[in-house]
Amino acid sequence: MRFVSVAPARGDEDGYELVYDDGKPDVAGGVTHITAYLDVADRFLDSWHDVREIVAARRGYLGTRLYRDALGYVAIARWSSPLMVARTAQQPEYRRAVAALGARARSALYTVVVPSAAA
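Owing to the predicted nature of the structure, the values given are computational and were not obtained by experimental measurement. All residue numbers refer to positions counted from 1 along the written sequence of the respective chain. Totals for whole chains, interfaces and linings use every residue, but because this is a predicted model, local features are given only for residues with pLDDT of at least 70 and side-chain atom pairs only at 80 or more, for both listing and counting. Only hydrogens and water are set aside when side-chain values are computed; all heavy atoms of the structure are taken into account.

A. Region of interest: the overall build of the protein chain. The helix count covers DSSP runs of H or I at least four residues long, the strand count covers runs of E at least two residues long, and both are numbered beginning at the N terminus. Within the protein chain one finds 3 helices and 5 strands. Of the regular secondary structure in the protein chain, the N- to C-terminal order runs β-β-α-β-β-α-α-β. Residues count as neighbours in contact if any of their non-hydrogen atoms are within 4.5 Å of one another. Put simply, 79% of the contacts in the protein chain that link residues at least 6 apart link residues at least 24 apart. Note on areas: Shrake-Rupley, 1.4 Å probe, and residue coverage restricted to the protein chains presented here. Of the roughly 7,800 Å² that the protein chain leaves accessible, carbon and sulfur atoms contribute 52%.

B. A look at the packing of aromatic side chains. For Phe, Tyr and Trp, where Trp contributes only its six-membered ring, two rings pair if their centres lie within 6.5 Å, and the inter-plane angle classes them as stacked under 30 degrees, edge-to-face over 60, or tilted in between. Overall, the coordinates contain 4 aromatic pairs when judged by the stated rule. Considering the side-chain rings of Y20 and W48, the 5.5 Å spacing of their centres and the 70° angle between planes classify their relative orientation as edge-to-face. Pair noted here: Y20 is in strand β1 (residues 17-23) and W48 is in helix α1 (residues 44-56), with a separation of 28 residues, a long-range link. Taken together through their ring pairs, the aromatic side chains of Y37, F44 and Y73 make up a single cluster.

C. Quick look at unusual backbone geometry. The phi dihedral of D39 is positive, around 55°, even though this residue is not glycine. With respect to the secondary-structure elements, D39 resides in the loop between β2 (31-38) and α1. Exposure categories follow from relative accessible area, calculated using a 1.4 Å probe and restricted to protein chains: below 20% of the type maximum is buried, above 50% is exposed, and the middle band is partly exposed. Among the residues examined, D39 registers a relative accessible area of 53% and is labelled exposed.

D. Geometry of the side chain of R52. Take R52: it is sitting in helix α1. Taking relative accessible area as the criterion, R52 reaches 14% and is therefore assigned buried. Non-local contacts of R52, meaning those with residues more than four positions away in its chain, are made with Y20, D22, Y61 and T64.

E. Expanded view of the sheet that holds strand β4 (residues 72-79). Strands are labelled as partners when DSSP assigns at least two bridges between them. The strand order β1-β3-β4-β2-β5 describes an open sheet built from 5 strands, whose pairing is antiparallel. Edge positions in the open sheet fall to β1 and β5 (104-111), since each of these has one partner strand only. The sheet shows a mean angle of 15° between the axes of neighbouring strands, taken without regard to direction. For helices, the fitted axis covers only the stretch in contact; all axes are lines through C-alpha atoms, and the angles between them, taken along N-to-C directions, range from 0 to 180 degrees. Most of the contacts of helix α2 (residues 82-89) go to β4, to which it runs at about 120°, and overall it touches β2, β4 and β5.

F. Structural view of the environment of L62. Mapping L62 onto the fold places it in strand β3 (residues 61-69). Using a relative accessible area of 29% as the deciding quantity, one classes L62 as partly exposed. With 36 residues separating them in the primary sequence, L62 and D26 have C-alpha atoms 8.8 Å apart.

Now the structure itself:
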């Protein structure tokens, strides 16, 4: 099992800069799809917005945030379920748009776990 802690954006040279915010990425339930993009091409942002438009039209999409730091970008998208993420990833238009990003990407799907107050 993998775990990740996502710190809030600080907006300084040591943190992430919020580049884009859409929908309701902080709603309860569902799953979080985190993708780190490294070695981005010049047209990355334009291409990323093309991908976002495709996923935003898909059933189960709840919202996303895109952050930038010195090494690249991190997208944090919220979905209603892993099934909706998988169905979107199988769509030919999505695959073409992702291929056009011109970046090395690593992604994973997470369930949000909030520690209890007693822990």
